[in-house]
Amino acid sequence: MEEHRRNRQNRYGRILCGLVFLALCGTIFCMGVNAREARQEARKAEAVKEAEAEKKKAEKEEKKKEKEAEEQRKKELSVQPGVAVGTTEASDEKTVYLTFDDGPSENTQKVLDILDQYDAKATFFITGQKPEYRPMIKKAYDAGHTIGLHSFCHDYEIVYSSEEAYLKDLEEVGEIAKEQIGFVPCFIRFPGGSSNTVSRNYTEGIMSVLVPKVLELGYQYYDWNVSSGDGGTATTEEIIAQSETDKYHQVMLLFHDAATKETTIEALPTVLEYYKNLGYSFKAIDRKSLVVHHQVNN
């Protein structure tokens, strides 16, 4: 009996030892699994951290490139005395340079919306006449359009009263552009164009003085080779007819951006369709663009 009892105790002992061993093995196994899982989670967390770091780095690089590109754009479009602007040699590339004088105005947003629909870029020769619409200057610039200078007051009697008066007016409208887009553009359009004769009423020969002067100061002036005729009273149909031509590979097209130019807004989509169907592209003026000059008549 005693021996049987000892044998039974030994069996229990062995079972207990086995259970303890199994528990210990299970614990070690679980610890191993947990350790592996912990390492896997740590690797995942590190991978996520590295991915986020790479993303932030890429975003930083992209912002840096965007900033550099914007600075380069500003430099290329700004007035730089001694640096030539544009070319007078027309190419065979079919291009329309849409230009809008006298804005910004109540109609500027309508013009921008239409241009956006056709993925067309344009140039806005601005004035200082309507301060409440000046934020449209930056909006146009940010949309990829070029900002040029037209006149601060657009009053012929004041602007063309003397060389000093014209340059003062040009400086004032340049400051408006600088307030909105951070620099003074090098592209200008004389009120009435360089061929105007109305200036003779105020100063004889002033255009012959101003034309070389603005070039000396680092500006380039742009006239046009096609006029929409919207400077005066014109119907939508008349504007369309006067705007459309296949005479030039490179068209410098004159429009006006003013509250009274509803017919211009109505005509613009048809004009864009016309040139688009002929295979023209629509570009904003830059330093490499065609320069159209009229004959100076005063």
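**Topic: the nonpolar core**
At step 1: Leu98, Phe124 and Phe190 are the most contacted members of the largest nonpolar core, which has 66 residues in total.
At step 2: Discounting chain neighbours no more than four positions away, the residues touching Phe190 are His150, Tyr160, Tyr166, Met207, Leu210, Val211, Val214 and Tyr221.

**Some thoughts on the pattern of salt bridges**
When charged atoms on two side chains of opposite charge get close, those side chains can pair.
At step 1: Counted under the stated rule, the structure contains eight salt bridges.
At step 2: Here Asp101 makes a salt bridge to Arg189, at a shortest N to O gap of 2.9 Å. Pair noted here: Asp101 is in strand S1 (residues 95-101) and Arg189 is in the loop between strand S4 (187-188) and helix H6 (206-216), with a separation of 88 residues, a long-range link.
At step 3: Between Glu262 and Lys110 there is a salt bridge, with its nearest N and O atoms 3.3 Å apart. One end of the pair, Glu262, is in helix H8 (residues 262-277); the other, Lys110, is in helix H2 (residues 108-117), and 152 residues separate them in sequence.

**Structural notes on helix H3 (residues 135-142)**
At step 1: When H3 is considered as a whole, its buried residues turn out to be Met136, Ile137, Ala140 and Tyr141. The buried residues of H3 all sit within an arc of 140 degrees when viewed along its axis, so they share a single face. Exposed side chains of H3 directed beyond 90 degrees from the buried face belong to Pro135 and Asp142.
At step 2: Taken from the residues just after H3, Gly144 is the one with a positive phi, measuring 100 degrees.

**Describing the packing of aromatic side chains**
At step 1: Inspection of the entire model under this criterion finds ten aromatic pairs.
At step 2: Aromatic side chains Phe100 and Phe255 sit 5.4 Å apart centroid to centroid with 15 degrees between the ring planes, which places their arrangement in the stacked category. Remark: Phe255 occurs in strand S7 (residues 250-256) and Phe100 occurs in strand S1; sequence separation between them is 155 residues.
At step 3: Arranged with centres 6.3 Å apart and planes meeting at 5 degrees, the rings of Tyr160 and Tyr166 form a pair that is stacked. You'll find Tyr160 and Tyr166 in the same group, each marked buried.
At step 4: An aromatic cluster of three or more residues is present, and its members are Tyr156, Tyr160, Tyr166, Phe190 and Tyr221.
At step 5: Lying across the ring of Tyr141, Arg73 places its NZ or CZ 3.7 Å from the centre.

The rules behind these values
Residues numbered from 1 in each chain as written. Predicted model: local features only at pLDDT ≥ 70, side-chain atom pairs only at ≥ 80, totals over all residues. Heavy atoms only, no water. Core = buried A, V, L, I, M, F, W, Y, C linked by side-chain atoms within 4.5 Å. Buried < 20%, exposed > 50% of the residue type's maximum accessible area, 1.4 Å probe, protein only. Contact = heavy atoms within 4.5 Å. Salt bridge = Lys/Arg side-chain N within 4 Å of Asp/Glu carboxyl O. Helix = DSSP H or I, 4+ residues; strand = E, 2+ residues; numbered from the N terminus. Arc of directions from axis to C-beta. Phe/Tyr/Trp six-rings, centres within 6.5 Å; stacked < 30°, edge-to-face > 60°. Lys NZ or Arg CZ within 6 Å of the ring centre and 35° of its normal.

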